[in-house]
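# What the coordinates show
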Amino acid sequence: MDLSRFPRRRYTPHATPLEFLPRFSEALGGPRVWIKRDDMLGLTPGGNKTRKLEFLVGDALAVGADTLITCGAPQSNHCRITLAAAVKEGLRCHFVIEERIPGSYRASAGGNNFLFRLLGVDSISVVPAGTNMAEAMQAVAARVRAEEGRPYIIPGGGSNAIGGLGYVACAQELQQQFFEQGIRFGHVVVGSGSSGTHGGLLAGFLGNHIDIPIVGIGVSRDPAEQDPLVHQEAQAVADLLGLGIGIPRSAVLSFGNWWRPKYSLPNAAMVEAVQLLARTEAILLDPVYTGKVMAGLIGLAREGYFRRDEDILFVHTGGAPALHVYESEILDETRGPSL
Ligand SMILES: *Cc1c(COP(=O)(O)O)cnc(C)c1O
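Quick caveat, the model's predicted, so the values are computed rather than measured.

Calculation rules
Residues numbered from 1 in each chain as written. Predicted model: local features only at pLDDT ≥ 70, side-chain atom pairs only at ≥ 80, totals over all residues. Heavy atoms only, no water. Helix = DSSP H or I, 4+ residues; strand = E, 2+ residues; numbered from the N terminus. Buried < 20%, exposed > 50% of the residue type's maximum accessible area, 1.4 Å probe, protein only. Contact = heavy atoms within 4.5 Å. Lys, Arg positive; Asp, Glu negative; His and termini not counted. Charge placed at Lys NZ, Arg CZ, Asp CG, Glu CD. Pairing = 2+ DSSP bridges. Axes fitted to C-alpha atoms, helices over the stretch in contact; angles between N-to-C directions. Domains from an automatic or database assignment. Buried area = accessible area lost by both parts, 1.4 Å probe. Salt bridge = Lys/Arg side-chain N within 4 Å of Asp/Glu carboxyl O. Polar contact = N/O pair within 3.5 Å; in protein donor to acceptor, adjacent residues only side chain to side chain. Right-handed = clockwise from strand over helix to strand, strands pointing away.

## Topic: the overall build of the protein
In terms of helices and strands, the protein carries twelve helices and ten strands. Oriented by its inertia axes, the alpha-carbon framework of the protein measures out at about 60 × 50 × 35 Å. Every one of the 339 residues in the protein was classed for burial, and the buried ones make up 58%. In the protein, the share of contacts with a sequence separation of at least 24, taken over all contacts with a separation of at least 6, comes to 79%. A distance of 2 Å separates the average location of the 31 positive side-chain charges in the protein from that of its 34 negative side-chain charges.

## Details of the sheet that holds strand 6 (residues 151-153)
A sheet is described by the order of its strands in space; here four strands give the open sequence 5-4-3-6, paired in parallel fashion. In this open sheet, the two edge strands, each paired with only one partner strand, are strand 5 (123-128) and strand 6. The sheet shows a mean angle of 20° between the axes of neighbouring strands, taken without regard to direction. Pairing analysis gives three bridges linking strand 3 (residues 67-72) to strand 6, with the strands arranged parallel. Pairing of L68 across the sheet is with Y152, part of strand 6. Lying on the sheet, helix 5 (residues 133-146) is in contact with strand 3, strand 4 (92-99), strand 5 and strand 6; it crosses strand 4 at an angle near 150°.

## Looking at the domain arrangement of the protein
Along its sequence, the protein is organised into domain 1 (18-47 + 160-335) and domain 2 (49-158). Carbon and sulfur atoms supply 63% of the area buried between domain 1 and domain 2, which totals about 2,200 Å² over both sides. Counting across the interface, domain 1 meets domain 2 through two salt bridges. Ionic pairing is found between R51 and E173, a salt bridge with its closest N-O pair at 3.1 Å.

## Points about the pairing of strand 10 (residues 311-316)
In terms of burial, strand 10 is a largely internal element, six of the six residues being buried. Note: strand 2 (residues 32-37) against strand 10, six bridges, orientation parallel. Bridge pairing in strand 10 places K36 opposite V315. Here strand 7 (residues 187-192) pairs with strand 10 via three bridges, running parallel. Paired with V189 across the bridge in strand 10 is F314.

## Considerations on the pattern of salt bridges
One side chain can pair with another of opposite charge once the charged atoms of both are near each other. In the structure shown here, the tally under the stated rule is 14 salt bridges. Two residues, K36 and E173, come together in a salt bridge whose shortest N-O distance is 2.6 Å. Remark: E173 occurs in helix 6 (residues 161-181) and K36 occurs in strand 2; sequence separation between them is 137 residues. Its relative accessible area of 0% is what places K36 among the buried residues. On the accessibility criterion, E173 (14% relative accessible area) is buried.

## Some remarks on the side chain of S254
In this structure, S254 sits in strand 9 (residues 254-255). A polar side-chain atom of S254 sits 2.6 Å from a polar atom in the side chain of D227. Residue contacts for S254: discarding those within four places in its chain leaves H198, G216, P223, Q226 and D227.

## Re the pairing of strand 8 (residues 214-218)
Taken residue by residue, a regular strand's side chains alternate between the two faces of the sheet. Most of strand 8 sits out of view: five of its five residues are buried. Residues I214, G216 and G218 line one face of strand 8 and the alternating positions V215 and I217 line the opposite face, and both faces are buried. In this view, the connection linking strand 7 to its parallel neighbour strand 8 by way of helix 7 (residues 196-207) has right-handed handedness. Pairing of strand 8 with strand 9, which is carried by two bridges, proceeds in the parallel orientation. Residue G216 lies in a different strand from strand 9, and its bridge partner there is S254. Following the chain from strand 8 across helix 8 (residues 223-241) to the adjacent parallel strand 9, one finds a crossover that is right-handed.

Okay, here's the thing in structure tokens:
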């Protein structure tokens, strides 16, 4: 598939590593777990949004925009990475932050909130949970236009057809790495939120005839709600690419057992996953996304969902800054007799 016909900016000058996790796999008792280090993508620190923004910012520049507008939760990695891209490109940047948990946005908070200020965001509008985010961003765009600016709106998580191309590019990068490293994977496990990552990867796998099932782990929704979103995203990406295929419903698979009590709130399985990967491989996961996704991988492995001798791939999607906002939750749990 030829992605070179789409405008793209390059924020990572190399492929991210594909690594085996020997000590983690042993601690788990199988399967053999590998990791795609998309936490090592570019943009202060990078994550899955970096790949989407390569195409989204490429498009923004192609249409002559000078201002990016996007939205997210108070500790949004997507907002941070969008701002980092804006800084590098010399664009202005505005956020609409949805307080999904009332009172949770504090301008002085650490982690991503600190980085919003350090990288110099132009404005942050905080709105209550349930606000129509598209309308709220349109209102900011009207303000920008009134001041002679040229706004470009990026949806939450960068998850539209253009953003999804970033994970088609990732699928192609993986295909090359599978071939070079000579590994035949049984499953790929990936976080499923605004669905650009899961949906883009699925469109990329189908379009490149990579016949490996993708297992999504929901970070905010159960499959009944999540799967249609992923299907819609994968189809939009396939249509933009002109693949001429209908994404089969059966290719969309997610599990919803690990995100509760609520998006972004800790649970014990997440804490175990964050600790286990830190203490077996010195790799940091985050509490909101990758910790819960890895909890899902661990849970499925214990249920016997994977064959014990199979190679599976965990896609690390980044998120490290949020870890420091949850330090007490992550370490309080360690005051048990076993540690
Ligand atoms: C946004 C995000 C996800 C979820 O990806 P989507 O494309 O929104 O489904 C997973 N992990 C991290 C660290 C993220 O910031």
